[in-house]
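Secondary and tertiary structure notes
Chain by chain, the residues run as shown.
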Amino acid sequence: MFIIGELINGMYANIGKAIREKNKAEIQKCALEQIKCGADALDVNCGPASKEPITDIQWLVEAIQEVTDVPISLDSSKPQVIESGLKAARNKVIINSVTADPDKLDILVPMAKQHNAKLIALTISAKGIPKDKDQRLELAATIVADCIDKGFPVEDLFLDPIVLPLNVAQAQMKDILESIHEFKIISDPSPKTIVGLSNVSQGTNARSLVNRTFLTMAAAYGLDAAILDPLDKDLMDAQITAELILNKHIYCDSFLYAYRKK
Ligand code: THG
């Protein structure tokens, strides 16, 4: 599974403070810790409190690139902020995210194509968050069709069913999981699938347990990638074990160690 570390997000107090104080060392430490724990890429989100996201995202990208070349996931609902992050980026970029709305698709799909970036698409529209699996699939099909029209490679598209908190949307969990499987059969070649995992446990008790249980279930439905906290060792162990059970790696008694050494 492709792991995107979620911790460089202004919503976290230490990162919000580091952005305000332009404390590069704090951001770089957070980047390197996540990579050491198994992150393949880093999500970068200025957070809701940032007053200058257009300049903050450039500062974050530059700080991270001083210590690592892993791909950066530019996480913003504002296309201008993503465009600004792209200007600062030297390495591979993931655009996080587009929605099923034509105004967003018309800006971000060509932008991703031009920069050879991967693209995360939320199955959401101006009408709001879907209420069931059929609404998710309809939005997913709209997004896939638009990428095909615009010549963006569907293999570089990551569809996100929008994971909701278990404590407010319990009845939707099964639909969200089934969407992950059904997104894969919309087109050939298949789009990829991704979730923002920590959403599922917001406001719940035993967050880590809720996160790793959802992730292992989602893995069984074919999930390709997740934005998560790679410093949660139990979560990463569960992810590695789930992939082993799904025959993605060869078994050996020291499989956790072997995976981490890869
Ligand atoms: N899909 C995509 N991108 C996303 C999300 C998604 N990006 C943002 C988010 N969702 C994924 N990242 C996080 C990061 C943190 C938390 C949840 C998702 C989180 N934070 C603690 C909380 O709110 O309780 C903050 C704790 C603190 O303040 O210290 O849970 O779904 N494509």
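The numbering scheme is per chain: residues are counted from 1 as the chain's sequence reads. Since the coordinates come from a predicted model, pLDDT governs what is reported: local features require at least 70, and pairs of side-chain atoms require 80 or more to be given and counted, while whole-chain, interface and lining totals use all residues. To obtain the side-chain values, all non-hydrogen atoms of the structure were included, while hydrogens and water were left out.

Focus: the site of the ligand
For each residue, the test is whether any non-hydrogen atom lies within 4 Å of the molecule or strand; if one does, the residue is near. Of all residues adjacent to the ligand, which total 14 residues, the nearest are Asp 75, Asn 96, Asp 160, Asn 199 and Arg 207. Contact between the ligand and Asn 96: a nitrogen atom at 2.9 Å from a side-chain N or O atom of the residue. Accessible surface area values rest on a Shrake-Rupley calculation with a 1.4 Å probe, where residue burial reflects the displayed protein chains alone. For the ligand, the accessible surface in isolation is 670 Å², of which the surrounding protein chains cover 75%. Grid points spaced at 1 Å and placed over the protein atoms alone form the basis of the search, with a cavity being a set where a 1.4 Å probe fits but cannot get out and a pocket an open set showing protein on both sides within 12 Å along at least five of seven lines. Lining residues have an atom within 4 Å of a point. Placement in a cavity or pocket follows one criterion, namely that more than half of the molecule's atoms lie within 2 Å of its grid points. Structurally, the ligand is housed in the largest pocket. Just so you know the grouping, Ala, Val, Leu, Ile, Met, Phe, Trp, Tyr, Cys and Pro go in nonpolar, Asp, Glu, Lys and Arg go in charged, and all remaining residues, Gly too, go in polar. Counted by class, the shell around the ligand contains five nonpolar, five polar and four charged residues. Throughout this description, a polar contact denotes any pair of N or O atoms lying within 3.5 Å of each other; where both atoms belong to protein, one of them has to be capable of donating a hydrogen while the other can accept it, and for residues adjacent in sequence the pair is counted only when both atoms sit in side chains.

Looking at the packing of aromatic side chains
Aromatic rings from Phe, Tyr and Trp, taking only the six-membered ring of Trp, are treated as a pair when their centres fall within 6.5 Å; an angle between ring planes under 30 degrees marks them as stacked, one over 60 as edge-to-face, and anything in between as tilted. For the coordinates displayed, the defined rule picks out one aromatic pair. With 5.9 Å between their ring centres and 45° between their planes, Tyr 251 and Phe 255 make a pair best called tilted. Exposure remark for Tyr 251: the relative accessible area of 51% places this residue in the exposed category. Relative accessible area decides the class of each residue, using a 1.4 Å probe on protein chains only: under 20% of the type maximum gives buried, over 50% gives exposed, and in between gives partly exposed. Exposure remark for Phe 255: the relative accessible area of 18% places this residue in the buried category. Over the ring of Trp 59 we find Lys 22, and its NZ or CZ is 5.3 Å from the ring centre. Think of it as a cone above the ring: NZ of Lys or CZ of Arg counts as a charge over the ring if it is within 6 Å of the ring centre and within 35 degrees of the ring normal.

As for the pattern of salt bridges
One side-chain nitrogen of Lys or Arg within 4 Å of one carboxyl oxygen of Asp or Glu is enough to make a salt bridge. Under the counting rule described, the total for this entry stands at 13 salt bridges. Measuring nitrogen to oxygen at the nearest pair gives 3.2 Å for the salt bridge that ties Lys 133 to Glu 182. Of this pair, Lys 133 sits in helix H6 (residues 133–150) while Glu 182 sits in helix H7 (residues 173–183), and the two are 49 residues apart along the sequence. Between Arg 260 and Asp 237 there is a salt bridge, with its nearest N and O atoms 2.9 Å apart. With Arg 260 in helix H10 (residues 255–261) and Asp 237 in helix H9 (residues 233–245), the pair connects residues that are 23 residues apart, well separated along the chain. The exposure class assigned to Arg 260 is partly exposed, which follows from its relative accessible area of 38%. Three or more residues joined by partner-sharing salt bridges are found here, namely Lys 133, Lys 174, Glu 178 and Glu 182. The secondary structure listing takes helices from DSSP runs of H or I that are at least 4 residues long and strands from runs of E that are at least 2 residues long, numbered from the N terminus.

With respect to helix H4 (residues 79–88)
Of all 10 residues making up H4, seven are buried, and the element is well covered by its neighbours. Every buried residue belonging to H4 is among Pro 79, Val 81, Ile 82, Ser 84, Gly 85, Leu 86 and Ala 88, and all of these are buried.

Observations regarding the pairing of strand E5 (residues 118–122)
A regular strand places its side chains on the two faces of the sheet in alternate fashion. The buried fraction of E5 amounts to four of the five residues, a majority that puts the element mostly inside the structure. Pairing between strands is defined by DSSP: at least two bridges between the two strands are required. Pairing of strand E4 (residues 93–98) with E5, which is carried by four bridges, proceeds in the parallel orientation. Residue pairing in the sheet places Ile 95 in a bridge with Leu 119 of E5. If you view a crossover with the strands going away from you and the path from the first strand over the helix to the second runs clockwise, you call it right-handed. Handedness of the β-α-β unit built from E4, helix H5 (residues 102–114) and E5 comes out right-handed. Pairing of E5 with strand E6 (residues 157–160) involves four bridges; the strand directions are parallel.

With respect to the nonpolar core
Ranked by size, the top nonpolar core spans 48 residues in total, and within it Ile 8, Ile 27, Ile 95, Leu 119 and Leu 157 carry the most contacts. When residues no more than four places from it in sequence are discounted, the contact partners of Ile 27 are Ile 8, Ile 15, Ala 18, Trp 59, Leu 60, Ala 63 and Ile 64. Residue types Ala, Val, Leu, Ile, Met, Phe, Trp, Tyr and Cys, when buried and joined through side-chain atoms within 4.5 Å, form a set referred to as a nonpolar core. Counting 26 residues, the second-largest nonpolar core is a separate cluster that includes Ile 162, Leu 164, Ala 219 and Met 236. By definition, residues are in contact when any of their heavy atoms lie within 4.5 Å.

Focus on the packing of helix H2 (residues 24–36) against helix H3 (residues 53–65)
When two helices pack together, their arrangement is given by the angle between the helix axes and by the axis-to-axis distance. Axis definition: a line fitted to C-alpha atoms, over the contacting stretch in the case of helices. Angles run 0 to 180 degrees between N-to-C directions. Interhelical geometry of H2 versus H3 gives an angle of 60° and a closest axis separation of 9 Å. Classified by the interaxial angle, the pair formed by H2 and H3 is oblique. Taken as a pair, H2 and H3 cross one another with a handedness that is right-handed. The segment H2 lies against H3, with Lys 24, Ile 27, Gln 28 and Ala 31 engaging Trp 59, Leu 60, Ala 63 and Ile 64. Split into classes, the residues belonging to the contact of H2 with H3 amount to six nonpolar, one polar and one charged. An angle below 35 degrees is treated as roughly parallel, one above 145 as roughly antiparallel, one from 65 to 115 as roughly perpendicular, and anything else as oblique. Here a crossing is called left-handed whenever its near helix is offset anticlockwise from the far helix by less than a right angle, and right-handed whenever the offset is clockwise.

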